[in-house]
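A look at the structure
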Amino acid sequence: MRVGIYYDLRNRADLGRPWPAFYREALGQIAWAEGLGIDSVWLSEHHLFEDGYLPQPLTFAAAVAARTERVRIGTAILTAPFRRPAQLAEEAAIVDTLSDGRLVLGLGAGYVNWEFDLFGVDIRRRYDLTDDMVRELRRLLGPEGPVTPPSVNRPVPLWLGYQGPKGAVRAGRLGVGLLTLSHEQLPLYLQGLEEGGHDPSTARMAGLVNLIVADDPEEAFERVLPGIAHQLNTYRKGAADGTGRVPSEITVEKLRENHRKRSNVLSPVEVLTPDDAIAHLRAVTDGLPAEEVYCWTGFGNLPDDIVERHVELLSTVVRPALA
């Protein structure tokens, strides 16, 4: 089991961090985490978010490749419908070359209407476009693919971040890894593998676990509440775009009450001790063909000391126990 850290590179304006310094600090943190033993770094994608959510994961991945030597560098996810296959294949090949074969390409279909408007893409075609991208990347980056320079891995490892039941079947039919740790999706994913003529034993899953590791979880949870609320509200705003709905605001007080009742209605981030985090991750992945888990480091500028301790404990205590 590999353990990774996950970046969206949100930089809330109210915290006043200059962008160049913010990006430099993130790269420095990644290099530091590699030295501590973390297995991977994963990068997310969104567009036109007010907090500057990372819009181009492969651009930042190239910088990560130049600053590191060992960690796998993944995208979870890169929104496939916004790119042309040839351009994406060339960018992926360059990152894979810079990293000496450490790129893991996770693709997704997207869901935010304003992002599809930005790129002039019909949101109704998002799944078909993403499936087609997988097929074309296999050709372009395969052993006989025309892309130069050639990627170190031919092809680069491909995953799909399809979360629903239909998506699990589609990922299986294409014979790629599935970026979810949902037990409910596993039978459908295996069904898809069989339908696509793939050996079910090749099933591989990985995914996000909403988890912060801390020495004092109650104290840390109280301090990360504003970041959690910010993340949830921005995602809810994106999901509601174009639907006519106005999502209710998730406040710190609502999250605190949700936590007090031990309710999962708002899907809050778990803040746990190292031992509890190890037990939680084992429970989440039990019975799954799970190769990797990754955890957020930011989602809206968490306090630096909490993030640093989280990354340190994840790398030096949680990871060795799961490995």
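Structure: see above.
Now for a look at the structure at hand. (Residues numbered from 1 in each chain as written. Predicted model: local features only at pLDDT ≥ 70, side-chain atom pairs only at ≥ 80, totals over all residues. Heavy atoms only, no water.)

1. Side note on the layout of surface pockets
By volume, the largest pocket is sized at about 1200 Å³. Contributing to the lining of the largest pocket are 39 residues, with Tyr6, Tyr111, Gly161, Gln163 and Leu208 lying nearest its centre. Among the elements of the structure, α6 (165-174), β8 (205-208), α8 (217-240) and β11 (290-296) are those that each provide at least two residues to the lining of the largest pocket. Examining the composition of the lining of the largest pocket, we find that four residues originate from one element, α8, more than from any other. Grouping the constituent residues of the lining of the largest pocket by class yields 19 nonpolar, 15 polar and five charged. (1 Å grid on protein atoms, 1.4 Å probe; cavity = no way out; pocket = protein on both sides within 12 Å on 5 of 7 lines; lining within 4 Å. Points joined across faces, edges and corners; volume = space filled by probe spheres on them. Helix = DSSP H or I, 4+ residues; strand = E, 2+ residues; numbered from the N terminus. Nonpolar A, V, L, I, M, F, W, Y, C, P; charged D, E, K, R; others polar.)

2. Quick notes on a nonpolar patch on the surface
Taken together, Leu48, Leu118 and Phe119 make up a surface patch of nonpolar side chains, about 280 Å² in accessible area. Mapped onto the elements of the fold, Leu118 is located in helix α4 (residues 113-119). (Patch = residues over 30% accessible without salt bridge, like charges linked within 9 Å, V, L, I, M, F, W, Y side chains within 5 Å. Areas by Shrake-Rupley, 256 points an atom, 1.4 Å probe, with all protein chains shown as cover. Salt bridge = Lys/Arg side-chain N within 4 Å of Asp/Glu carboxyl O.)

3. A short note on helix α10 (residues 274-285)
The end-to-end C-alpha distance of α10 is 17 Å, a good match for the 16 Å that twelve residues give at a rise of 1.5 Å each. Of the residues making up α10, those classed as buried are Pro274, Ala277, Ile278, Leu281, Val284 and Thr285. Around the axis of α10, the buried residues are gathered within 130 degrees of arc, so they sit on the same side. Of the exposed residues in α10, those oriented more than 90 degrees away from the buried face are Asp275 and Ala283. Following α10 by one or two positions, Gly287 has its phi on the positive side, about 85 degrees. (Expected span 1.5 Å × (residues − 1). Buried < 20%, exposed > 50% of the residue type's maximum accessible area, 1.4 Å probe, protein only. Arc of directions from axis to C-beta.)

4. Here's the deal with the pattern of salt bridges
This structure, assessed with the given rule, holds 23 salt bridges. Of the charged contacts, one joins Glu291 and Arg2 as a salt bridge, the two residues approaching to 3.3 Å between their closest N and O atoms. Here the residue Glu291 occupies a position in strand β11, and Arg2 occupies one in strand β1 (residues 2-7), the gap between them amounting to 289 residues. Judged by its relative accessible area of 25%, Arg2 is partly exposed. The salt bridge involving Glu50 is made with Lys237; its shortest N-O contact spans 3.7 Å. Here Glu50 is found in the loop between β2 (40-43) and α2 (57-67), whereas its partner Lys237 is found in helix α8, with 187 residues between them in sequence. The exposure class assigned to Lys237 is partly exposed, which follows from its relative accessible area of 46%. Beyond isolated ion pairs, a larger network of salt bridges with shared partners links Arg2, Arg72, Glu291 and Glu292.

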